[in-house]
Amino acid sequence: MSSVPHVPRWDVHRLPRAGGKCFLVTGGNAGIGYFVAEQLAGTGATVVLGSRDRAKSEAAIGSIGSRVPGADVKHVLLDLADLASLKASVDALGLDRLDAVVHNAGVALDHPPRRETADGHELMFATNHLGHFALTHHLAPLLTATPGSRVVTTGSFAAKSERLDLDDLQSAHDYRPKRAYARSKLAQMLFALELDRRLRAADSTTVSVLVHPGGALDSLTPSRPPVHVRTTGERLSRLPLGLVVQGKDAAAWPAVRAVLDPAVRGGRMLSPRAFGLRGTPRTEPLWNHLADTVTAARLWTASRDLTGTDPTFSTADTAVLSRDPGGPTGARERSPGQVNRSR
Ligand SMILES: NC(=O)c1ccc[n+]([C@@H]2O[C@H](COP(=O)([O-])OP(=O)(O)OC[C@H]3O[C@@H](n4cnc5c(N)ncnc54)[C@H](OP(=O)(O)O)[C@@H]3O)[C@@H](O)[C@H]2O)c1
């Protein structure tokens, strides 16, 4: 008689231990990234905060240390808007393996004018998408050296109703800040799925997982002084919004699950359970336009040309895996829409 394996329910308050593992969280000094780092630190793992601001990172490390006894949290200088600096940031990690990177950092501008990085790229597209694309390239050797490693990319609900303009990826001709933000997040989401197809085609054990955090407000987020302080007035005035959206502590749950849950597969999307806006993390069916492999491939080519990087993962880790009986747990299922090798 065959028995169905028991898959325990994911409990955001009872995370599996991950001692000996190492995770990098971009933008881990504030907001959702801070809570991703705090929750991952609670598993016994080493957590590195990738942040452009050393003082903010030190405050975050102090806060996590005061809440998580024995937390092992470090900082590496990381400015995603400065493409040329990213290799040095990865070198400064001083690591020879990495179990997961959470591409969390992001910038959202509400008002014009259109801003550019020193490289001449539109700021939101550059920081949110191009920076993480190039960072993945530089991290590839570390991820490849780690069987079952994960790239977790943070998208947004805002991208659900958006489409890319491949002829104007950087909104040079028609700049609307909210649309440019949503498109930058859609670019990240298409990247995450294209990356997973390429990883599968290369027989890599690394997987790429997509998450989106729902709606998260600072006013619904518990205080973590001096990183974030919420006044009683703020908390009370925004209380009704808690029916629809959530705090950044809860918004961290999809990414934390994507890093830790052995049942999570590459090419999947995790998001909050209630309308994709709030609640515990579950796997959400991919939105139709996320399955557009032609747009994803053209975006990849454009990103490669704009950054001068091309995240490729060798098959060397397959050999490591075959020697490692304890290798990745359940993370090697092929995802739908496997990449065409001739592309
Ligand atoms: N909040 C939401 O409702 C929501 C909804 C959907 C998706 N998201 C996504 O979730 C992620 C986190 O959002 P959040 O609400 O936590 O934002 P946040 O509170 O504004 O935090 C953003 C983080 O990104 C960092 N960052 C910005 N530019 C950077 C750069 N050039 N290099 C390195 N780090 C940089 C910030 O660092 P500094 O402190 O140095 O500025 C900060 O740590 C973002 O990707 C966002 O798009 C958020």
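Residues numbered from 1 in each chain as written. Predicted model: local features only at pLDDT ≥ 70, side-chain atom pairs only at ≥ 80, totals over all residues. Heavy atoms only, no water.

(A) Broad picture of the overall build of the protein chain. Check the secondary structure of the protein chain and you find 10 helices and eight strands. Burial status across the protein chain gives 54% buried among its 343 residues. For the protein chain, the computed accessible surface area is about 15400 Å², with 52% contributed by carbon and sulfur atoms. (Helix = DSSP H or I, 4+ residues; strand = E, 2+ residues; numbered from the N terminus. Buried < 20%, exposed > 50% of the residue type's maximum accessible area, 1.4 Å probe, protein only. Areas by Shrake-Rupley, 256 points an atom, 1.4 Å probe, with all protein chains shown as cover.)

(B) Up close: the nonpolar core. Of all hydrophobic cores here, the largest spans 36 residues; its most connected members are F23, V36, L40, V259 and L260. Of all the secondary structure elements, the ones that give two or more residues to this core are β1 (22-26), α1 (31-41), β2 (46-51), α2 (54-67), β4 (100-103), β6 (207-211), α7 (248-251) and α8 (253-260). Here the element with the most residues in this core is α1; it accounts for seven residues. In contact with F23, other than residues within four places in its own chain, are A18, L40, A45, T46, V47, V48, L98, D99, A100, V259 and L260. By size, the runner-up hydrophobic cluster in this structure holds 26 residues, among which are C22, L139, W300 and F313. (Core = buried A, V, L, I, M, F, W, Y, C linked by side-chain atoms within 4.5 Å. Contact = heavy atoms within 4.5 Å.)

(C) The arrangement of the sheet that holds strand β3 (residues 72-77) in detail. The strand order across the open sheet formed by eight strands is β3-β2-β1-β4-β5-β6-β7-β8, and the pairing between neighbours is mixed. Strands at the two margins of the open sheet, each flanked by one partner only, are β3 and β8 (278-284). Sheet twist, expressed as the mean angle between neighbouring strand axes with direction ignored, is 25°. As judged from the five bridges shared by strand β7 (residues 269-274) and β8, these two strands associate in the antiparallel manner. (Pairing = 2+ DSSP bridges. Axes fitted to C-alpha atoms, helices over the stretch in contact; angles between N-to-C directions.)

(D) Structural context of the site of the ligand. Near the ligand there are 25 residues, and of these I32, R52, K56, N104 and Y181 occur at the shortest range. Contacts to the ligand include A216, whose backbone N or O atom sits 2.8 Å from an oxygen atom. Between an oxygen atom of the ligand and a side-chain N or O atom of K248, the distance comes to 2.9 Å. Protein burial of the ligand: of its 890 Å² of free accessible surface, 84% is covered by the chains. Of all the secondary-structure elements, those providing two or more residues to the shell around the ligand are α1 and α5 (177-201). (Near = heavy atom within 4 Å. Polar contact = N/O pair within 3.5 Å; in protein donor to acceptor, adjacent residues only side chain to side chain.)

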